[in-house]
Amino acid sequence: MERLYTAVARLEKELAVSAILLQDIASRFQEAMTEGLAGRSSSLKMLPSFIGSPTGQEQGQVIAVDFGGTNVRVLLVELAGTGRSRIAARRAFPLKDKLGHYDYTAVSASGPELFDFIAGKISEIVSDGGIYPLGYTFSFPCRQQGVDKAVLINWTKEIKTVGVEGRDVGQMLQAALENRGLERVRLQAVINDTTGTLLTGAYSDSATTIGAICGTGHNSCYLESCHPLTKRPMIINMESGNFDGVQQTKYDILLDQASEKPGAQRLEKMVSGQYLGELVRLIVGSLAADGHISSGSERLSVPYSLPTEDISAILGDTSPELEVVAAVAAARWGITGLKVSGYKAIQTIARLVAMRSARLVTATWAGILTKIDPGLVCQHTIAVDGALYEKMPGYSEQLANTMVEMFGDKAKQITIRLSKDGSGIGAAIAAATVYKGKYCNER
Ligand code: BGC
């Protein structure tokens, strides 16, 4: 029978993204961009945002709603107009109650119920009187029909609320606000979170040409210097999580087949926080099924029983006995009493899955950079938000190192930077861009 270390070595090969593969993925990605932009069939949706780069002078107090997944945030953002911003108030709330009292993400919830819940949270942050421009980040693939009109193409991140796909989510939120007597909160812009991240980066750093989320979901957008529709610069939401140019392993295929939408979001299912824990569970499960480690309780066969935060904890464990890995394995799957080599195998799997994610993401960014600036003659900042980038040990370093591996010395032209709260602040910048500062004097 194959020994544990042979099995781990086999996994190392299966999950490796070699230098050749990186280049290959980058050029496939670039081709998919060209096809999508020209309106031909492509796994990249290349959705127009109807927004270009900000000037950095946008000013005022704006309400921002950041609907990124199962958590929603409502912010009161103050834009100083000098490339600086401040969050003056914030509320964060889950759409799914831990104790099971409500779940607005389930198939039992309707669109109007979901948006009424969000409108209720907005009402908690606005004081009496005055007009509030509203910027709305909605982090799902939308067919944008104007800066404030966005029709949800399909839910991602395993959300199932009925009656929202195919509808204008901006209009649904505005209607919910009006039903609560909040007409003075006026929607100006609906954007994707990647667009928000790019706008926030570009507000203070005009070299920002790419915005990306490496969190629960994954996606990137970029600044197209001459959009075919308007012949002007425009941010394009690529919906790159749907990119299908990467070879899947058998674990990716298993995960995909059991997911809410098989075949869709193939890259996202290989790289984002929603799925990394599940990939690790499937791989550890296969080691257990082959008798390499004890299979613990039946909890190891429960889908999504390993949250991404636990991967971060596993990767951060430097203790000789791998105590954190042991605690996670026991708590999540009932796996106990392994030798250190067993825990080491679990940690290696987590590392392989996480680092593969970072390498694949970098390859897609390399594809974008090569398309917009083939000789890499300009400086480029990639603004990134999301828990993987911010919190997962080794993730941001892997992104930067892979960039150097791909571009050598020219990687000096590329800065990858955290755009903290970028998706929410970006919604405010987008709204201010549209509203052009008039609201500052209206209250
Ligand atoms: C969505 C994107 C979003 C990304 C990051 C994906 O599931 O389709 O629109 O930008 O997650 O939140």
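Structure: see above.
Below or above, wherever it landed, is the structure these notes cover. Remember, predicted model here, so these are calculated numbers, not experimental data.

1. A word on the overall build of the chain
At step 1: Helix and strand content of the chain: 14 helices and 13 strands.
At step 2: Since a compact globule built from 443 residues should have a radius of gyration of about 22 Å, the 22 Å found for the chain is in line with a globular shape.
At step 3: Counting over 443 residues, the chain shows a buried share of 58%.
At step 4: Across the chain, contacts joining residues at least 24 apart in sequence account for 68% of those joining residues at least 6 apart.
At step 5: Accessible area for the chain stands at about 18,000 Å²; split by element, carbon and sulfur atoms hold 51% of it.
At step 6: Averaging the positions of the 45 positive and the 46 negative side-chain charges in the chain gives two centres separated by 2 Å.

2. Comments concerning the nonpolar core
At step 1: Ranked by size, the top nonpolar core spans 80 residues in total, and within it Tyr222, Val280, Val284, Ile346, Trp365 and Ile382 carry the most contacts.
At step 2: Top contributing element to this core by residue count: helix 11 (residues 340-372), with 17 residues.
At step 3: Sequence-distant contacts of Ile346, defined by excluding residues within four places in its chain, comprise Val284, Ile293, Ile314, Val325, Ala329 and Leu338.
At step 4: Among the nonpolar cores identified, the runner-up in size contains 38 residues, and Ile122, Tyr132, Leu173 and Leu187 belong to it.

3. Some remarks on the sheet that holds strand 8 (residues 185-191)
At step 1: Spatial strand order, 4-3-2-5-8: five strands in an open sheet with mixed pairing. Both outer strands of the open sheet, strand 4 (85-94) and strand 8, are each paired with one neighbouring strand and no more. Direction aside, neighbouring strands of the sheet carry axes that sit 20° apart on average.
At step 2: The pairing of strand 5 (residues 132-138) with strand 8 spans six bridges and is classified as parallel. By the bridge assignment, Tyr132 is partnered in strand 8 with Val185.
At step 3: Sheet strands in contact with helix 3 (residues 111-123) are strand 2 (59-67), strand 3 (71-80), strand 4, strand 5 and strand 8, and its direction is about 145° off that of strand 2.

4. With respect to the sheet that holds strand 9 (residues 208-214)
At step 1: An order of 1-11-10-9-12-13 is seen for the six strands of this open sheet, with the pairing classed as mixed. In the strand order of this sheet, the two ends are held by strand 1 (47-48) and strand 13 (414-418), each with one partner.
At step 2: Sheet topology note: the strand 1/strand 11 (residues 234-237) ladder contains two bridges and is antiparallel. Residue pairing across strands places Pro48 opposite Ile236, the latter belonging to strand 11.

5. Focus on unusual backbone geometry
At step 1: A positive phi is found at Tyr304, a non-glycine position, where the angle reads about 60°.
At step 2: Counting through the fold element by element, Tyr304 comes out in the loop between helix 8 (273-289) and helix 9 (308-315).
At step 3: You can call Tyr304 partly exposed: its relative accessible area is 35%.
At step 4: Positive phi, normally seen in glycine, also occurs at Asp421, with a value near 60°.

6. Description of helix 6 (residues 250-257)
At step 1: Every buried residue of helix 6 is listed here: Tyr251, Asp252, Leu255 and Asp256. Projected down its long axis, helix 6 shows its buried positions confined to an angular sector of 135°, all on one face.
At step 2: If you follow the buried residues of helix 6, they end up packed against helix 1 (4-15), helix 7 (268-271), helix 8 and helix 11.

7. Observations regarding the site of the ligand
At step 1: Lining the immediate surroundings of the ligand are 15 residues, of which Thr156, Lys157, Asp193, Glu239 and Glu268 lie closest.
At step 2: One of the backbone nitrogen or oxygen atoms of Phe140 is found 3.3 Å away from an oxygen atom of the ligand.
At step 3: At 2.6 Å, a side-chain N or O of Glu239 approaches an oxygen atom of the ligand.
At step 4: The set of elements that each furnish at least two residues to the shell around the ligand consists of helix 5 (193-204) and strand 10 (218-224).
At step 5: Considering only residue class, the shell around the ligand consists of three nonpolar, eight polar and four charged.

8. What about the side chain of Glu239?
At step 1: By secondary structure assignment, the location of Glu239 is in the loop between strand 11 and helix 6.
At step 2: Despite its burial, Glu239 pairs with no opposite charge; the closest candidate is Lys45, at 5.5 Å N-O.

9. Considering helix 1
At step 1: Between its first and last C-alpha atoms helix 1 spans 16 Å; for twelve residues at 1.5 Å apiece the expected length is 16 Å, and the two agree.
At step 2: Within the sequence span of helix 1, burial applies to Leu4, Ala7, Val8, Leu11 and Leu15. Axial view of helix 1: buried residues confined to an arc of 100°, hence all on one face. The exposed residues of helix 1 that point more than 90 degrees off its buried face are Tyr5 and Lys13.
At step 3: Buried residues along helix 1 sit against helix 6, helix 8 and helix 11.

What counts, and where the lines are drawn
Residues numbered from 1 in each chain as written. Predicted model: local features only at pLDDT ≥ 70, side-chain atom pairs only at ≥ 80, totals over all residues. Heavy atoms only, no water. Helix = DSSP H or I, 4+ residues; strand = E, 2+ residues; numbered from the N terminus. Rg over C-alpha atoms; globule rule 2.2 N^0.38 Å. Buried < 20%, exposed > 50% of the residue type's maximum accessible area, 1.4 Å probe, protein only. Contact = heavy atoms within 4.5 Å. Areas by Shrake-Rupley, 256 points an atom, 1.4 Å probe, with all protein chains shown as cover. Lys, Arg positive; Asp, Glu negative; His and termini not counted. Charge placed at Lys NZ, Arg CZ, Asp CG, Glu CD. Core = buried A, V, L, I, M, F, W, Y, C linked by side-chain atoms within 4.5 Å. Pairing = 2+ DSSP bridges. Axes fitted to C-alpha atoms, helices over the stretch in contact; angles between N-to-C directions. Arc of directions from axis to C-beta. Near = heavy atom within 4 Å. Polar contact = N/O pair within 3.5 Å; in protein donor to acceptor, adjacent residues only side chain to side chain. Nonpolar A, V, L, I, M, F, W, Y, C, P; charged D, E, K, R; others polar. Salt bridge = Lys/Arg side-chain N within 4 Å of Asp/Glu carboxyl O. Expected span 1.5 Å × (residues − 1).

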